[in-house]
Every structure is written in C-alpha cells, then in structure tokens.
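Analysis of the macromolecular model
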Amino acid sequence: LAGPSYTVRSLCAVGRGEDGGAILRQVSKNRPADMFPTALTQLARANPFSAPLFSLQKVEEPQTQTPVPNRRLAAAAVAEGDSCEFGSQKYLILCGFGGILSCGTTHTAVVPLDLVKCRMQSNDSCEFGSGKYYALCGFGGILSCGITHTAVVPLDLVKCRLQVDPAKYKSIFNGFSVTIKEDGMRGLAKGWAPTFFGYSMQGLCKFGFYEVFKILYGDLLGEENAYMWRTSLYLAASASAEFFADIALAPMEACKVRIQTQPGYANTLRECAPKMYGEEGLWAFYKGVVPLWMRQIPYTMMKFACFERTVELLYKFVVPKPRSECSKSEQLVVTFVAGYIAGVFCAIVSHPADSVVSVLNKEKGSTAAQVLKRLGPKGVWKGLVARIIMIGTLTALQWFIYDSVKVYFRLPRPPPPEMPESLKKKLGLTE
C-alpha cells in the first residue's frame, strides 16, 4: 500500500531553485518512524534557517518537456550575400588570411622606423679604423658632397658668372635676374651633372681619406703627441686627403665651369666633355688642377680643423652636459652649428683661388699667374658674399649629412679628444 512519496531537500537548494530529487534522495512514507523524529521535524519547520535545514516536501511527478534545440551565437550579419557559413572551414581560413594581411602589411610599413630604432639602440656595427669603417665614411662623403653641391648649383652658377663677367653680372640678385631673363628657370640648373658626379667623387676621397690619414698620422705621433698637436694633425690629414680628392674632381669641375660661364658652348655634360677633349685633349680636364689645389686644400684644411676644434669648444663651454649624455639629435645639432662656423672661415680662405679657377677654366691658354695678375687684389674678392652664403650653408649641411650617415650605420664616433692620463701625470695635473 504505497502512499505518496516525499523527498528530503536542502533549504539552500530550495533557495537556488534546484530540483530536490536530484540533490538528495526520495523516501517513502512507510519507512520507519524513527528515521525522522517528530521533534526534529517540528524544529526544522519552526526555524528553517538553522541546522539541520531539512524539510519534507511532496514531489510531483515529472512532466514530459519538449527538448530545446541547441543554439549558436554568431555575430550579426546579413544572411544574403555571405560567401560561406559561419564556423565553416572556409570561414576560418579566410579569417586567418585577413590576419596575415593586417599584421604583415602594417609591420612591413614601419620597417624603416623600426630599423633606425634598433640601430640606435644597438652597439657599433664595425671596428673603428676597419675597412668597413673607411668604406662607409667614403659613402657618407659621397652623399654629403654630391647632394649639397648639386642643391646649390643655381647659386654657384651666379657666383661663377660674377667672377668671370662682373660688368654684366653686377650683384647676386642682378645675376639671377639676368640669367632667368636669358635662359629661363632651366638656365639656373646648368652644370648640375658634372657638379653631382665631380663632387661625389671628391667627397668619397675627401672624407674617406681624411679618416685614413687622421688615424695613420695619429698612430705615428703617439697618443700624447697626437693630443698636443691635434690641430696640426687635422690640418695634415685633411690636406693629404684633399690632394687626391681634387684629382678626382678636376675633370668634372672643368666641364662645370665651361658650361656655366660660356653660354652657347654646351648645355650638358655629354656635349661638353667630348668637345673639350676634341679641342684641347686630355690636358683640358687637368689644367685647372693646380689652382684647384690652391683653392680646395686651404678650404679643406680650414673645414676639418676648424670643425674639429669648434666641436671641442662647443661641448666644453656651450653645451651644458657631456657629449656622452647628449642624445643623437642634440649631437647632430652641435655638428650643424660647428659646420656652419667652419664654412664661413672656409669661404674667406679659399675665395681668391676660387676666382682664379673660374676665370682660368673659361679662357683658353691662360695660366694661373696671368689670371691672378690681371684680376688684382680687388678682383679676386668679387662674389665673396655669395660664396660665404653658399659655402657656410654647404659646409654645415655636409657635416650634418656625414655625421647622420655615421649614426645611421652605427659607425664608431669617438668623443672630442681628452688629455691622456700619462700626459696629465707628466704635467702634474693629477694627484
């Protein structure tokens, strides 16, 4: 005689809404009476929030429910026009392809910035004085001289014309005006090709050989003498480098001056070089090498020696912190300022010889002595203002580009020279 069934259920389960039959167990009404003492049952009913927290409840028979089909969560999308089903193999493959494009394209786009960042963070790329060091210094010279001289071709053209025909070209502004009126804006670019090739070769030899001779002469002198005679070391190294640089420059310089100062002779390097060779032979390209040495060697000696000492003085008296604590950008600013100061002195020292070279390359059969005598003390200084503006800016940009190349390729950049400890002891400057 089975009666209705009862279950024992936790009040905590009731509070959570769980099925009591699934948690504890069913008991029958005809079980022994001592299984649920009357006092315990009444206590639980009177205070359901304290132990043993049990209650007797009638269990209803389970009702049959219709099973709910599984549901998928998906991003909102237009049903029509989809190329594949959400979650399919094609869907997953195309999502991966999108990731390839997004990451690959963006990271590749910032490779230059990442390269510079990594190289600025890493150590030197080569040993100071190695073959790679000299080669990259020469490459820096090609960029610094080739780019800058080509950029100021219009100013150089007017300067040359002021030197060779002062009656026609009376000033800088008048020279620009007359040139534009006669040849148009394109006329200001005459001679750009020999300028670019000639001064690129000169820059290769000038900066590359300067580093070679500076290290070579410094090793011959020794550490102490190299410091005490460092200005003479700079002068000797730069003069030696420029000697070879001018031999490389002379042919293109002759073509440049001929194109710029003789209207109608030739308009391009391809026209000028064969014509000069046919008329005067190989000597036409090198007859100006001696006055070129007269102009460029003093210029380069001043350019390097003045720059080296100016950098040393700027870090000692102007820059408020040591060079080792300055950022790369701050160091390049010091380089530019020192380069401009050096450029002003370079222009003044080399201008008389520059006037002789310009006239000499224009005239056939003349010698440097004849041209110098004819120009006189005043004539050799014609066009000085234009040359100061051009050479000052030029020299500053050359040093800036050259030093930037060293930074980019992580070349060793020794700090300004300091007195060796052995020399300090000899002079009694250390305790």
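Thresholds applied
Residues numbered from 1 in each chain as written. Predicted model: local features only at pLDDT ≥ 70, side-chain atom pairs only at ≥ 80, totals over all residues. Heavy atoms only, no water. Helix = DSSP H or I, 4+ residues; strand = E, 2+ residues; numbered from the N terminus. Core = buried A, V, L, I, M, F, W, Y, C linked by side-chain atoms within 4.5 Å. Buried < 20%, exposed > 50% of the residue type's maximum accessible area, 1.4 Å probe, protein only. Contact = heavy atoms within 4.5 Å. Axes fitted to C-alpha atoms, helices over the stretch in contact; angles between N-to-C directions. Parallel < 35°, antiparallel > 145°, perpendicular 65-115°, else oblique. Nonpolar A, V, L, I, M, F, W, Y, C, P; charged D, E, K, R; others polar. Phe/Tyr/Trp six-rings, centres within 6.5 Å; stacked < 30°, edge-to-face > 60°. UniProt positions renumbered as here; feature names shortened; annotations may be inferred. Expected span 1.5 Å × (residues − 1). Arc of directions from axis to C-beta. Polar contact = N/O pair within 3.5 Å; in protein donor to acceptor, adjacent residues only side chain to side chain. Disulfide = S-S within 2.5 Å. Bend = angle between axes of the 7 residues up to and from the residue. Patch = residues over 30% accessible without salt bridge, like charges linked within 9 Å, V, L, I, M, F, W, Y side chains within 5 Å. Areas by Shrake-Rupley, 256 points an atom, 1.4 Å probe, with all protein chains shown as cover. Salt bridge = Lys/Arg side-chain N within 4 Å of Asp/Glu carboxyl O.

What follows deals with unusual backbone geometry. Here R410, not a glycine, exhibits a phi torsion of approximately 55°, which is positive. Along the chain, R410 turns up in the loop between helix 17 (384-408) and helix 18 (421-426).

One finds F207, Y210, F307, Y315, W399 and L411 to be the most contacted residues of the largest nonpolar core, which totals 26 residues. When contributions to this core are tallied by element, the ones reaching two or more residues are helix 6 (131-151), helix 9 (192-221), helix 11 (230-261), helix 14 (289-318), helix 15 (328-362) and helix 17. Counting 15 residues, the second-largest nonpolar core is a separate cluster that includes L162, V178, Y299 and I391.

For the rest of this paragraph, the subject is the side chain of T300. Within the secondary structure layout, T300 lies in helix 14. In this structure T300 comes out as buried when scored by relative accessible area, which is 0%. Excluding its chain neighbours within four sequence positions, the residues that come into contact with T300 are K206, S238 and E242.

So, on to the packing of helix 7 (residues 153-164) against helix 8 (residues 172-183). Helix-helix packing: each pair is described by the crossing angle between the helix axes and the interaxial distance. In the contact formed by helix 7 and helix 8, the axes pass within 9 Å of each other and the chain directions differ by 105°. When the axes of helix 7 and helix 8 are compared, the pair comes out roughly perpendicular. Along its contact with helix 7, which presents P154, L155, L157, V158, R161 and L162, the element helix 8 presents I172, G175, F176, T179 and D183. Looking at the contact of helix 7 with helix 8 residue by residue, the class counts come to 7 nonpolar, 2 polar and 2 charged.

What the rule picks out here adds up to 20 aromatic pairs. Centre to centre, the rings of F139 and F409 are 6.1 Å apart; their planes meet at 80°, and the pair counts as edge-to-face. Of the two residues, F139 is situated in helix 6 and F409 in the loop between helix 17 and helix 18; the sequence distance between them amounts to 270 residues. Given the relative accessible area of 36%, F139 is considered partly exposed. With a relative accessible area of 22%, F409 lands in the partly exposed category.

Turning to the environment of F400, a few remarks are in order. You can see F400 is positioned in helix 17. Residue class for F400 comes out partly exposed when judged on its relative accessible area of 31%. Setting aside residues no more than four positions away along its own chain, F400 makes contact with L332, T335 and F336.

Quick look at the environment of S200 now. Take S200: it is sitting in helix 9. C-alpha of S200 to C-alpha of L249: the two residues are 49 residues apart in sequence and 8.5 Å apart in space. S200 has contacts with I142, G146 and T195, leaving out every residue within four places of it along the chain.

Per the UniProt record, "transmembrane region" (unreviewed entry) is annotated on residues 332-353 and 384-402. Taken end to end, residues 332-353 comprises 100% helix and 0% strand; its first and last C-alpha atoms sit 31 Å apart. For the annotated span residues 384-402, helix accounts for 100% and strand for 0% of the residues, and the straight-line distance between the end C-alpha atoms is 26 Å.

A word on helix 8. Between its first and last C-alpha, helix 8 extends 16 Å over 12 residues, near the 16 Å set by a 1.5 Å rise per residue. What helix 8 keeps buried is the set I172, G175, V178 and T179. In an axial view of helix 8, the angular spread of the buried residues amounts to 130°, which keeps them on one side of the axis. Opposite the buried face of helix 8, by more than 90 degrees, sit the exposed residues F173 and K181. Those residues of helix 8 hidden inside the fold are in contact with helix 7 and helix 17. Structurally, the start of helix 8 carries an N-cap: the backbone nitrogen of N174 is 3.2 Å from a side-chain oxygen of S171. Phi turns positive one or two residues past the end of helix 8, at G184, with a value near 75°.

Using the criterion set out here, one finds 0 disulfides in the structure. The cysteine C272 is free of any disulfide, with C255 supplying the nearest cysteine sulfur at 4.3 Å. On the basis of relative accessible area, C272 is assigned to the buried category, the value being 0%.

Right, let's talk about helix 11 for a bit. Compared with an ideal rise of 1.5 Å per residue, which puts 32 residues at 46 Å, helix 11 spans 41 Å between its outermost C-alpha atoms and falls more than 12% short. At L249, helix 11 shows its largest bend, some 45°, and a proline, P251, comes one to four positions later. Burial analysis of helix 11 places 24 of its 32 residues in the buried class, which makes it a mostly covered element.

Take a nonpolar patch on the surface next. The grouping of V333, F336, V337, Y340, I341, F345, L397 and F400 at the surface amounts to a nonpolar patch, some 630 Å² of accessible area in total. Mapped onto the nonpolar patch, the elements with two or more residues apiece are helix 15 and helix 17. If you tally residues by element for the nonpolar patch, the top one is helix 15, at 6 residues.

Next up on the list: the pattern of salt bridges. If you walk through the whole model with that rule in mind, you get 18 salt bridges. Here E280 makes a salt bridge to K287, at a shortest N to O gap of 3.6 Å. Classification of E280 by relative accessible area gives partly exposed; the value is 24%. Using a relative accessible area of 11% as the deciding quantity, one classes K287 as buried. In this structure, the salt-bridge partner of D403 is R413, at a minimum N-O distance of 2.9 Å. Of this pair, D403 sits in helix 17 while R413 sits in the loop between helix 17 and helix 18, and the two are 10 residues apart along the sequence. Of the two residues examined, D403 and R413, each falls in the buried class.

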